[in-house]
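Commentary on secondary and tertiary structure
Listed below are the residues making up each chain.
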Amino acid sequence: MKSLTVKHMKIVSTKENLQVLYEDNHIIAINKRVGDIVQGDKTGDKPLSDVVKEYIKDKYNKPGEVFLGVVHRLDRPTTGIVVFARTSKALARLNELFKNRETQKTYWAIVKGKLPKSNDTLVHFLKRNEKANTSKAHLKEVPDSKRASLEYSTFKELNNYSALEIALHTGRHHQIRSQLSAIGYPIKGDLKYGADRSNPDGGIHLHARKLEFVHPVSKEDIIITAPVPDDPIWKAL
C-alpha cells in the first residue's frame, strides 16, 4: 500500500466526552470509552454512532439526517479507535479494506503476571457460543471453529502485570480475549474470560491503540493512534 504522504493523527477535539482523533469530509475516528456501544443493540442504550451523528450535525450545522456508516466495532468493555464513514463512497471502500484485511490493527492489553515468552505467535481455533456471547479457543480444529492467529510482545512489566502489544493476523469474535485466556493470561478485568476480579468501571484493559490504512478517497496512508484511558495502570505505560 503506497501513497505520497503519511499522516500521524493526533486528537482533533474533545466535546462532551467524545474524543475525536481525526476527521475529514469522508471519515471520522473516535477514541471509544469503556461502556460505549458502537451500534445500537437490544439494550436500547444510546450508541456511539448516534453521538457522532449529533456531533457532526452540531459542528457543521447540517440540516436533516446525517449520514454515518459503521465500518467495524469494538467490544463494549474495550476502548480505543473506532472509524466511521461520513459518505457512502467512503463506507463502501472502507468495508472492502476491512473485509480484505488491508488494515493494520495494533492493540494494547494488560494481563496479570509475567508470560513465559516475552513475544510469541498464538494460533487457535475459535468456536463461538452465540447464546453466551463468548468464543472458546481450541488448540486443534473442531466443528464450526475458525482459525485465529495473533502475535504479541511484552513491552513493559508493571509490578504484578505485563503490558502486551498485539498484532492481529485474523479478525475473530473476542479473539484477543479468548486466545490470551487460553494460555492462562486473561486480560485484566475480563471476568468472562477468567480474570479473578472486575475493574471498577466494568471495562477490561484492552485498548485498540493504533490503526493504519489507506484513505478510501485521497489514497493517503493514514496512521491513527489513540491515547490510553485515564487509569493508573494505563498511565504507568
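Refer to the structure printed above.
In this report, we go over the structure that sits alongside the text.

This part takes up the pairing of strand β9 (residues 134–138). By the bridge criterion, five bridges tie strand β8 (residues 119–129) to β9 in an arrangement that is antiparallel. Opposite leucine 126, over in β9, you have alanine 137 as the bridge partner. The hairpin turn running from β8 into β9, its antiparallel successor, is four residues long, and asparagine 133 in that turn takes a positive phi close to 55°.

A few words now on the nonpolar core. In this structure, Ile28, Val52, Phe84, Ile166, Ile176 and Leu180 are the most contacted members of the largest nonpolar core, which totals 32 residues. When sequence neighbours within four positions are dropped, the list of residues in contact with leucine 180 reads Ala109, Val111, Leu122, Leu164, Ile166, Tyr185, Pro186 and Ile187. Within the second largest apolar cluster, 18 residues are counted, among which are Ala85, Ala90, Leu97 and Phe98.

Counted under the stated rule, the structure contains one aromatic pair. Judged by centre distance (4.7 Å) and plane angle (40°), the ring pair of tryptophan 108 and phenylalanine 155 falls under tilted. Placement of the pair is tryptophan 108 in strand β7 (residues 104–112) and phenylalanine 155 in strand β10 (residues 146–158), with a sequence separation of 47 residues. Given a relative accessible area of 12%, tryptophan 108 falls into the buried group. Given the relative accessible area of 33%, phenylalanine 155 is considered partly exposed. Arginine 209 extends its terminal NZ or CZ atom over the ring of tryptophan 108, reaching a point 4.2 Å from the ring centre.

With that settled, consider the side chain of lysine 32. Looking at where lysine 32 falls in the secondary structure, it is placed in strand β4 (residues 27–32). Despite its burial, lysine 32 remains without a salt bridge, the nearest opposite charge being carried by aspartate 36 at 5.5 Å. Here aspartate 75 takes part through its backbone oxygen, which lies 3.4 Å from a polar atom of the side chain of lysine 32.

This structure, assessed with the given rule, holds eleven salt bridges. The partner of arginine 33 in a salt bridge is aspartate 36, with the nearest N and O atoms 3.1 Å apart. Aspartate 75 serves as the salt-bridge partner of arginine 177, at 3.1 Å between the closest nitrogen and oxygen. Residue arginine 177 is located in helix α3 (residues 175–182), and its partner aspartate 75 is located in the loop between β5 (69–70) and β6 (79–85); the two are separated by 102 residues in the primary sequence. Relative accessible area serves as the criterion here: at 25%, aspartate 75 is assigned to the partly exposed category.

A word on unusual backbone geometry. Although it is not a glycine, asparagine 159 sits at a positive phi angle of roughly 50°. Residue position: asparagine 159 is located in the loop between β10 and β11 (161–168). For lysine 219, which is not a glycine, the phi torsion comes out positive at approximately 70°. Inspection of the secondary structure puts lysine 219 in the loop between β12 (206–214) and β13 (221–225). Classification of lysine 219 as partly exposed rests on a relative accessible area of 43%.

With that settled, the discussion passes to the pairing of β4. For β4, the tally of buried residues reaches six of six residues, placing the bulk of the element in the interior. Of the two faces of β4, the one lined by Ile27, Ala29 and Asn31 and the one lined by Ile28, Ile30 and Lys32 are each fully buried. Of the pairings in the sheet, the one linking strand β3 (residues 18–23) to β4 comprises three bridges and is antiparallel in character. For valine 20, the partnering residue across the bridge sits in β4 and is isoleucine 30. Between β3 and the antiparallel strand that follows it, β4, lie three residues. By the bridge criterion, six bridges tie β4 to β6 in an arrangement that is antiparallel.

What counts and how
- Residues numbered from 1 in each chain as written.
- Predicted model: local features only at pLDDT ≥ 70, side-chain atom pairs only at ≥ 80, totals over all residues.
- Heavy atoms only, no water.
- Pairing = 2+ DSSP bridges.
- Helix = DSSP H or I, 4+ residues; strand = E, 2+ residues; numbered from the N terminus.
- Core = buried A, V, L, I, M, F, W, Y, C linked by side-chain atoms within 4.5 Å.
- Buried < 20%, exposed > 50% of the residue type's maximum accessible area, 1.4 Å probe, protein only.
- Contact = heavy atoms within 4.5 Å.
- Phe/Tyr/Trp six-rings, centres within 6.5 Å; stacked < 30°, edge-to-face > 60°.
- Lys NZ or Arg CZ within 6 Å of the ring centre and 35° of its normal.
- Lys, Arg positive; Asp, Glu negative; His and termini not counted.
- Salt bridge = Lys/Arg side-chain N within 4 Å of Asp/Glu carboxyl O.
- Polar contact = N/O pair within 3.5 Å; in protein donor to acceptor, adjacent residues only side chain to side chain.

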